[in-house]
Amino acid sequence: MSGHSKWATIKRKKDAIDSKRGAIFTKVVKEITVAARMGGGDINTNPRLRLAVLKAKSSNMPKDNIDRAIKKGTGELEGVVYEECLYECFGPGGTAIMVEAVTDKKTRTTPEIKSILTKLGGSLATTGSVSRLFERKGIIVIPSDQISEEELFELAVGAGAEDVQNEGEVFRVVTSPDDYEAVQTALNDKGIKSEESEIKFVALVGAEVSDKDIAEKVMKLIDNLEGHDDVQGVNSNFELSPELEKEFG
């Protein structure tokens, strides 16, 4: 699979330092609430809710938090009504960016996303012009000190994974969206913890940037988009050139 570079690994190291569990929980709660509102509160009949709860458990979210989020989604408890937004964007250097958001007020979120893009050299794109450059994949990132590559490959591929990639300090398990749940469950059953686990947009072809100034602008733009309270995920085809990988790594 193309479109992936050491930028992802570098960014994970940064996120591991900067991450705040509360922010992660907020995003997962929104996803559970939306899933329950759209498909009901029974995980046995609502695949999307089942995946959201699986992600919550992988993040060590308390069961009470999960139950409250489900009840807010189904209307059993009073709560905010959320809607999903997908923003297709262009960034500096010809990079493509997909931004997924969940908001209680789209008329607030959209101008704020547009403002972040404009200030940092990006722009909103027309529907389909960016999404065609991506495909949806399940991505599970696992610290490599938990299991050997051979054991992980046998376990993950046996459960339906498409590939297991060795990135040094971590393994990257790639699945189709349909097989993601089975693979994550198989890993959970073996007590294997993940650093990242989600179905996300993965670039079909990367956009390599060799200019340091442009690379810094793209990274700042992605960081600012990810920092927005309503944003659930940001994925790009941005890749650092080999020379910049060494410098930023």
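Residues numbered from 1 in each chain as written. Predicted model: local features only at pLDDT ≥ 70, side-chain atom pairs only at ≥ 80, totals over all residues. Heavy atoms only, no water.

## Some thoughts on the layout of surface pockets
Line of reasoning, step 1. Of the voids in this model, the second largest pocket is the one considered here, and its volume is about 510 Å³.
Line of reasoning, step 2. What lines the second largest pocket is a set of 23 residues, and nearest its centre among them are Glu31, Arg48, Glu100, Arg136 and Ile199.
Line of reasoning, step 3. Among the secondary structure elements, those contributing two or more residues to the lining of the second largest pocket are α2 (21–39), α3 (47–58), β1 (83–90), β2 (96–103), β7 (196–203) and β9 (231–236).
Line of reasoning, step 4. Partitioning the lining of the second largest pocket into residue classes produces 10 nonpolar, 4 polar and 9 charged. (1 Å grid on protein atoms, 1.4 Å probe; cavity = no way out; pocket = protein on both sides within 12 Å on 5 of 7 lines; lining within 4 Å. Points joined across faces, edges and corners; volume = space filled by probe spheres on them. Helix = DSSP H or I, 4+ residues; strand = E, 2+ residues; numbered from the N terminus. Nonpolar A, V, L, I, M, F, W, Y, C, P; charged D, E, K, R; others polar.)

## Description of the sheet that holds strand β4 (residues 134–143)
Line of reasoning, step 1. What the 4 strands build is an open sheet, ordered β5-β6-β4-β7; its pairing is antiparallel. Bordering the open sheet on either side are β5 (163–166) and β7, each of which pairs with just one other strand. Across the sheet, the axes of successive neighbouring strands diverge by a mean angle of 30°, strand direction being ignored.
Line of reasoning, step 2. The pairing of β5 with strand β6 (residues 170–175) spans 4 bridges and is antiparallel. In the strand pairing of β6, Gln165 is matched with Arg172. (Pairing = 2+ DSSP bridges. Axes fitted to C-alpha atoms, helices over the stretch in contact; angles between N-to-C directions.)

## Here's the deal with the domain arrangement of the protein
Line of reasoning, step 1. Domain parsing of the protein yields domain 1 (13–74), domain 2 (84–132 + 204–248) and domain 3 (134–203).
Line of reasoning, step 2. Each of domain 1 and domain 3 has a C-alpha centre, and the two are 19 Å apart.
Line of reasoning, step 3. At the junction of the two partners, domain 1 supplies 7 residues and domain 3 supplies 11 residues.
Line of reasoning, step 4. Between domain 1 and domain 3, a total of about 710 Å² is buried, with carbon and sulfur atoms accounting for 51% of that surface.
Line of reasoning, step 5. Where Arg50 meets Glu181, a salt bridge forms, and the shortest distance between an N and an O atom there is 2.6 Å.
Line of reasoning, step 6. At the junction of domain 1 and domain 3, the tally comes to 1 residue pair in polar contact (both at pLDDT 80 or more). (Domains from an automatic or database assignment. Contact = heavy atoms within 4.5 Å. Buried area = accessible area lost by both parts, 1.4 Å probe. Salt bridge = Lys/Arg side-chain N within 4 Å of Asp/Glu carboxyl O. Polar contact = N/O pair within 3.5 Å; in protein donor to acceptor, adjacent residues only side chain to side chain.)

## Focus: the side chain of Lys30
Line of reasoning, step 1. Mapped onto the elements of the fold, Lys30 is located in helix α2.
Line of reasoning, step 2. Of note is the side chain of Lys30, whose polar atom sits 3.3 Å from the backbone oxygen of Val102.
Line of reasoning, step 3. Not counting residues up to four positions away in its chain, the partners in contact with Lys30 are Tyr82, Val102, Asp229, Asp230 and Gln232.

## Topic: the packing of aromatic side chains
Line of reasoning, step 1. One pass over the full model with this rule turns up 1 aromatic pair.
Line of reasoning, step 2. Their ring planes at 85° and their centres at 6.4 Å tell us that Phe134 and Phe201 sit as a pair that is edge-to-face. Of the two residues, Phe134 is situated in strand β4 and Phe201 in strand β7; the sequence distance between them amounts to 67 residues. The burial state of Phe134 is the same as that of Phe201; both residues are buried.
Line of reasoning, step 3. Taking the ring centre of Phe201 as reference, the NZ or CZ of Arg136 above it sits at 4.5 Å. (Phe/Tyr/Trp six-rings, centres within 6.5 Å; stacked < 30°, edge-to-face > 60°. Buried < 20%, exposed > 50% of the residue type's maximum accessible area, 1.4 Å probe, protein only. Lys NZ or Arg CZ within 6 Å of the ring centre and 35° of its normal.)

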